Amino acid sequence: MGMTVVFANQKGGVGKTTTAVNLGAYLAEEGKRVLLIDFDPQGNLTSAVGADGERPGSYEAITAGTPLSQLIQSTSVDNLHVVPSSIDLTGANVELVDQEDRALYLRRAAEEVRAEFDFVFIDSPPSLGILTLNGLAAADQVIIPLQCEYFAMEGLTQLLQSIKRVQDGLNRDLKIMGILFTMYDSRTRLAQDVVQEVVGYFGKRVFRTIIPRNVRLSEAPSHGIPIHQYDPACVGAKSYQRLSEEVFERVKA
């Protein structure tokens, strides 16, 4: 049975999608079968791997009951597959709100394919709404990308409270795999202070790998390919390769 990991942070632009795509791609390069589920109506993950956002995807899985196995698309990376998203997924917030089990739709949908993959990665939207709750309820582990800035600290507290509520009710098996620093700029004192404070409080819950600010990481999605295909020698690619090794260590531990 594969491990399901959700990437969550209610703040946008912190590297959730970038991390899901590139971590998944490096794990796939190592021979692991990886499924990416784009669960964000913006569909950034879908375009980042060159998938077709016009085809049915995660919206149909949770509103029409279409089996995920019928929605999976291949990517340019062997072993890396994706369930796309589209703006239609925005409607799920309204369509599910009156359902008693509204936070469990993705969990039920993902159960069908878990055995076929080593990792199932869920890219959640930048909010703490019903879609993110579905992601947290469906996952075994959560990775929290954290931008190295002051307001990110405030958002982390809110997110951890939400995770605790999910653990207390919807998903008692949910664990935090780690907090990942992203967009790190070693030239700024603030970034250094944020890292020091978070590591001081959370200790080993924080990944050793830190993802730096890197122009090449920003460019790769516009070409529909992961960073290791776009520029494998750049500092961003090397950072995500190290992260994949660290994630594998934590999974085996």
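Residues numbered from 1 in each chain as written. Predicted model: local features only at pLDDT ≥ 70, side-chain atom pairs only at ≥ 80, totals over all residues. Heavy atoms only, no water.

Trainee: How should I be thinking about the environment of G91 in this particular structure?
Mentor: Mapped onto the secondary structure, G91 falls in the loop between strand 4 (80-83) and helix 4 (92-95). Given a relative accessible area of 24%, G91 falls into the partly exposed group. A sequence separation of 127 residues divides G91 from S218, and the C-alpha atoms of the two residues are 29 Å apart. (Helix = DSSP H or I, 4+ residues; strand = E, 2+ residues; numbered from the N terminus. Buried < 20%, exposed > 50% of the residue type's maximum accessible area, 1.4 Å probe, protein only.)

Trainee: I tried to follow the nonpolar core on my own but got confused; where do I start?
Mentor: Soluble, globular proteins show a tendency: their nonpolar side chains are buried together. Counting residues in hydrophobic clusters, the biggest one holds 48 residues, and the most contacted among them are I37, L68, V142 and V198. The element that contributes the greatest number of residues to this core is helix 7 (residues 150-168), accounting for six residues. Apart from residues lying up to four places away in sequence, L68 is in contact with I37, A61, V83, A109, A110, E112 and V113. (Core = buried A, V, L, I, M, F, W, Y, C linked by side-chain atoms within 4.5 Å. Contact = heavy atoms within 4.5 Å.)

Trainee: What am I meant to see in helix 1 (residues 16-29) here?
Mentor: An ideal rise of 1.5 Å per residue puts 20 Å on 14 residues; helix 1 measures up with 20 Å between its terminal C-alpha atoms. Counting buried residues in helix 1 gives twelve out of 14 residues, a clear majority hidden from the surface. Among all positions of helix 1, only K16, T17, T19, A20, V21, N22, L23, G24, A25, Y26, L27 and A28 are buried. Once helix 1 ends, the next one or two residues include G31, with phi positive near 95°. (Expected span 1.5 Å × (residues − 1).)

Trainee: Is there a simple way to think about the environment of V77 in this case?
Mentor: In this fold, V77 is placed in the loop between strand 3 (73-74) and strand 4. Residue classification places V77 among the buried positions, given a relative accessible area of 2%. Distance in space between the C-alpha atoms of V77 and Y26 is 9.3 Å, their sequence separation being 51 residues. Non-local contacts of V77, meaning those with residues more than four positions away in its chain, are made with A25, A28, E29, P226, H228 and Q229.

Trainee: Honestly, the packing of helix 1 against helix 11 (residues 235-252) in this entry has me stumped. Any pointers?
Mentor: Any two packed helices are characterised by the angle at which their axes cross and by the distance between the axes. Running from N to C, helix 1 and helix 11 cross one another at 70°; their axes reach a closest spacing of 9 Å. Accordingly, the angle class assigned to the pair helix 1 and helix 11 is roughly perpendicular. The handedness of the crossing between helix 1 and helix 11 comes out as right-handed. Seen from helix 1, the contacting residues are T18, T19, N22, L23, Y26 and L27; seen from helix 11, they are A237, K238, Y240, Q241, L243, S244 and V247. (Axes fitted to C-alpha atoms, helices over the stretch in contact; angles between N-to-C directions. Parallel < 35°, antiparallel > 145°, perpendicular 65-115°, else oblique. Left-handed = near helix turned anticlockwise from the far one by under 90°.)

Trainee: Can you walk me through the pairing of strand 1 (residues 3-7) in this structure?
Mentor: If a strand is regular, its side chains alternate between the two faces of the sheet. Burial analysis of strand 1 places five of its five residues in the buried class, which makes it a mostly covered element. Relative to strand 5 (residues 119-123), strand 1 runs parallel, the two being bridged by five bridges. Paired with V5 across the strands is F121, a residue of strand 5. (Pairing = 2+ DSSP bridges.)

Trainee: Please explain a negative patch on the surface as it appears in this structure.
Mentor: On the surface, a cluster of negative charge is contributed by E29, E30, D78 and E245. For D78, the position within the fold is in the loop between strand 3 and strand 4. (Patch = residues over 30% accessible without salt bridge, like charges linked within 9 Å, V, L, I, M, F, W, Y side chains within 5 Å. Areas by Shrake-Rupley, 256 points an atom, 1.4 Å probe, with all protein chains shown as cover. Salt bridge = Lys/Arg side-chain N within 4 Å of Asp/Glu carboxyl O. Lys, Arg positive; Asp, Glu negative; His and termini not counted. Charge placed at Lys NZ, Arg CZ, Asp CG, Glu CD.)

Trainee: So what exactly am I meant to see when it comes to the pattern of salt bridges here?
Mentor: Pairing is possible between side chains of opposite charge, provided their charged atoms come close. Inspection of every chain in the model, using the stated rule, returns eleven salt bridges. The salt bridge partner of D140 is R114, with a shortest N-O separation of 3.0 Å. With D140 in the loop between helix 6 (130-138) and strand 6 (141-147) and R114 in the loop between helix 5 (105-111) and strand 5, this pair connects stretches of sequence that are 26 residues apart. Since its relative accessible area comes to 10%, R114 is described here as buried. Two residues, R189 and D193, come together in a salt bridge whose shortest N-O distance is 3.0 Å. Within this pair, R189 and its partner D193 are both found in helix 8 (residues 189-202), separated by four residues, close to a single helical turn. Owing to a relative accessible area of 61%, R189 belongs among the exposed residues under this scheme.

Trainee: Quick question: what am I supposed to make of a nonpolar patch on the surface here?
Mentor: A surface patch of nonpolar side chains, about 340 Å² in accessible area, is lined by Y150, F151 and L190. If you trace the backbone, Y150 turns up in helix 7. Accessibility expressed as a relative area gives 48% for Y150, which makes it partly exposed.

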